[in-house]
Amino acid sequence: MSVSVFGEKDIEDMGVESVLDLANFVPNLMIFANGVSGTNSPSMRGIHAFVESLTVSNGLFVDGIPILSPIGLEDGLLDIERVEVLRGPQGTLYGRNTETGVINIITKKPGNDFQGKASAELGTDQKRQLTLNLSGPIKKDRLFFGVSGKFYEKEGFIDNTFLDEPANDKKHWYGKLHLRWVPVDALDISLISSALKYDEGANVMGLGAAGAAAYGLPAPIDGKVASDYPGKNTSKSVSNALNISYDFGNSLKLTSITTRRVYNDEGRWDYDFNPVKFMHTTKTNEYTSYSQELRLNSSGDRLKWLVGLYYDNHHNDVNTTLNSVIPSMVSTNDRDFDGDSMAFFGQASYPILTRLTLVAGLRYEKQDKEFEDHILVRKADNSWDDFAPKLALEYSFTPDVMAYASVSKGYRSGGFNTYATDPQYTKYDEEKLWSYEIGLKSELLDKRLILNASVFYMNIEDMQVNESVTPYEAFLTNAGKASATGGELEMRAQLFQGLSLIANFGYCDIKFDEFKDALGDYQGNRNPYAPDYNYNLGAQYRASCGIFARVDLIGYGKMYFDKTNTYSREAFEIVNAKIGYEMENFDIYLYGKNVFDQEYNSYGYFDGFYTLYSEPAEFGLRLTYRF
């Protein structure tokens, strides 16, 4: 399979502070920030789930906690052991929403060594960031603790000309507690709790040309709004996980992961961005999920296998109000979304010849969902289920060079259109795809050159698309079919001691094979939210005397926001740089992000109604102390 793995040092060297940053270094992964902190939509290999579906095409797992909605798709990224990004359908290995891949974040387990790290960062726009990690033993060999925390604050870069103040100030806190108990050598129990709290200003957006025209306002100026109703984001998340593993010996291990996560999506926004009350909104939404996963795996010398059971339950309570001087726009929403999902999955690998290994897996998944609108007095429910197999062959030319070929099925369940009055559009069904992939993984020249490459083809049936059922109404349906071809390349070369070159490149051409509705025929158009390429070219130098330097060129291809391919974000490149001096216990760095202040605004978001503004250049100083 195609997989990118980053350790703690990689994350620090790349300057990754969020899940959004991580995508810059992974081929064919793009995470789109929807203008609101904590609401992020991933797109992997060109497949993207609409925000209103409250689901994602590739899952995010943090210490086993599934984050399966774009609402709250974020993590503090503190005390990281490693991050794994797996591309292609992963249903035979993971719980749910892994149609095109998985982002798996694993934090460090506290142990017998007492250790800590504190960092302070100052940057442009009055940026301040403080982080702290502490871990160690409470009782040697048996009981351990870990705590970590982060504070982040930065002045907004959008100017509210009506209130004469920055519109989009940023501030959040993150904290995590990890308690680990090893009552006997074979049993390992971890309780992990974390919380993330926002106290921020308005969204990172303004009116687009179509939005201004709709309200009869002058053409908007980039980076300026005139809101009389200052935005406020007070969202928060609380996550808990109980991870229990028991080692039976002979490479047989049982793992249980029990999780609970609550995301309170709260705030107020002025979506007309001018002094007239056209569109003032407030929301007090709560998204609650529970999950239980059991895994039994064996890693013998020849036969390696894993079987698992997965269950989750979610309850989404959505409450929003919209106030306006236009009576027809005034509305109140009070909706509940409930659901349960259950899955059986497994995968095994066995060397059928000396160098040839067969990998086979199977997944069965069933989801039940229901929806109720307490204002319009509507109800709906439905169930979806599917079998998803995987088959692969791996051939080892040498211990350091391996080729593979695989075929696997991806699946994403259906949902509801909450505004539909016609029963035929109340529900939409599951999306399915078949993925075919061949690849090569290699470590050459005494492991000084790591080179991985893959090519893939995907056939997507019953594609979930935004269909205009009349010239004035559009809903999610399964009216589309599409296909995608692409490739990925990852390279890391150590030219000499301390100097490394890094290159990552992803290409994806995903187009509709069939899709037409009341407004047109979109055959041959590109799928929205699917950049045709992304890349990272980097050079890093770490000398034994303590000098550190790194520079990265990060680029994304053109990306459309709509099925007609009318609105788009143009291709862009940014440069990040970092230089510093590292000692045994103390580091000091100067850094720059988007050092040439490249603008890559998303014009045409929401059918041209809004513009999402890109982050400007940032420069700063970072100090780190380890003890």
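The preceding data block contains the structure.
The notes below deal with the structure included here. What you see is a predicted model; the values in this text were computed from it and never measured.

**Overview of the side chain of Asp265**
And step 1. Looking at where Asp265 falls in the secondary structure, it is placed in strand β20 (residues 252-270).
And step 2. Looking at Asp265, the relative accessible area reads 2%, which means it is buried.
And step 3. Among the polar contacts listed, one links the side chain of Asp265 to the side chain of Lys283, at a separation of 3.1 Å.
And step 4. Beyond its immediate sequence surroundings of up to four residues, Asp265 is in contact with Ile71, Ser235, Lys283, Thr284, Asn285 and Tyr287.

**Notes on the sheet that holds strand β6 (residues 65-67)**
And step 1. Strand order in this open sheet of five strands is β1-β7-β8-β5-β6, and the pairing throughout is mixed. The sheet is open, and its two edges are formed by β1 (2-7) and β6, each paired on a single side. On average, each strand axis in the sheet is tilted by 15° relative to the strand beside it, whichever way the strands run.
And step 2. Judged from the four bridges that link them, strand β5 (residues 59-62) and strand β8 (residues 101-107) form a sheet pairing that is parallel. When the sheet's bridge partners are listed, Leu60 is paired in β8 with Ile103.

**Considering the nonpolar core**
The nonpolar side chains of soluble globular proteins are, as a tendency, buried together.
And step 1. Ile103, Ile105 and Tyr610 are the most contacted members of the largest nonpolar core, which totals 54 residues.
And step 2. Considering each element in turn, this core owes the most residues, four residues, to strand β2 (residues 29-33).
And step 3. Leu433, Ala484, Cys508 and Phe515 belong to the second largest nonpolar core, which has 15 residues in total.

**Structural notes on the pairing of strand β3 (residues 40-44)**
And step 1. Most of β3 sits out of view: five of its five residues are buried.
And step 2. Burial along β3 is two-sided: the face carrying Asn40, Pro42 and Met44 and the face carrying Ser41 and Ser43 are both buried.
And step 3. Two elements, β2 and β3, share five bridges in a ladder whose sense is antiparallel. Bridge pairing in β3 links Met30 to Ser43.
And step 4. The loop that links β2 with its antiparallel partner β3 comprises six residues; one of these, Gly35, has a positive phi angle of about 95°.
And step 5. With two bridges connecting them, β3 and strand β4 (residues 47-48) associate as antiparallel partners. Along β4, the bridge assignment pairs Met44 with Ile47.
And step 6. Linking two consecutive strands that pair antiparallel, namely β3 and β4, is a turn of two residues; a positive phi of about 50° is found at Arg45 within it.

**Notes on empty space enclosed by the protein**
And step 1. With the rule as written, the count across this model stands at nine cavities of 30 Å³ or more.
And step 2. Considering the residues around the second largest cavity, the lining is formed by 17 residues, among which Val62, Asp75, Tyr174, Ser194 and Ser239 are closest to the centre.
And step 3. It is strand β15 (residues 187-198) that provides the largest number of residues to the lining of the second largest cavity, a total of five residues.
And step 4. Of the residues belonging to the lining of the second largest cavity, the class tally is seven nonpolar, five polar and five charged.

Conventions and cut-offs
- Here the residue index of a chain counts from 1 through its sequence in written order.
- For a predicted model such as this one, the threshold for reporting local features is a pLDDT of at least 70, and the threshold for listing and counting side-chain atom pairs is 80 or more; totals across whole chains, interfaces and linings nevertheless cover every residue.
- Based on all heavy atoms of the structure, the side-chain values leave hydrogens and waters out of the count.
- Helix and strand assignments follow DSSP, with helices taken as H or I runs no shorter than four residues and strands as E runs no shorter than two, numbered in order from the N terminus.
- Exposed residues in this analysis have more than 50% of their type's maximum accessible area, buried residues have under 20%, and partly exposed residues fall in between, with area computed by a 1.4 Å probe over protein chains only.
- In protein, a polar contact means a hydrogen-donor-capable atom and an acceptor-capable atom, both N or O and within 3.5 Å, with residues adjacent in sequence counting only if both atoms are side-chain atoms; elsewhere, any N or O pair within 3.5 Å suffices.
- Residues count as neighbours in contact if any of their non-hydrogen atoms are within 4.5 Å of one another.
- Only strands joined by at least two bridges in the DSSP assignment are considered to pair.
- For helices, the axis comes from a line fit to the C-alpha atoms of the stretch in contact; other axes are also lines fit to C-alpha atoms, and the angle between any two N-to-C directions lies between 0 and 180 degrees.
- Residues belong to one nonpolar core when they are buried, are Ala, Val, Leu, Ile, Met, Phe, Trp, Tyr or Cys, and are joined through side-chain atoms within 4.5 Å.
- Detection works on a 1 Å grid of protein atoms alone, calling trapped sets that fit a 1.4 Å probe cavities and calling open sets with protein on both sides within 12 Å along at least five of seven lines pockets, with lining residues defined by an atom within 4 Å of a point.
- Grid points are joined across faces, edges and corners, and a volume is the space filled by probe spheres set on the points.
- Note that Gly is not counted as nonpolar here; it falls among the polar residues with everything else outside the nonpolar set of Ala, Val, Leu, Ile, Met, Phe, Trp, Tyr, Cys and Pro and the charged set of Asp, Glu, Lys and Arg.

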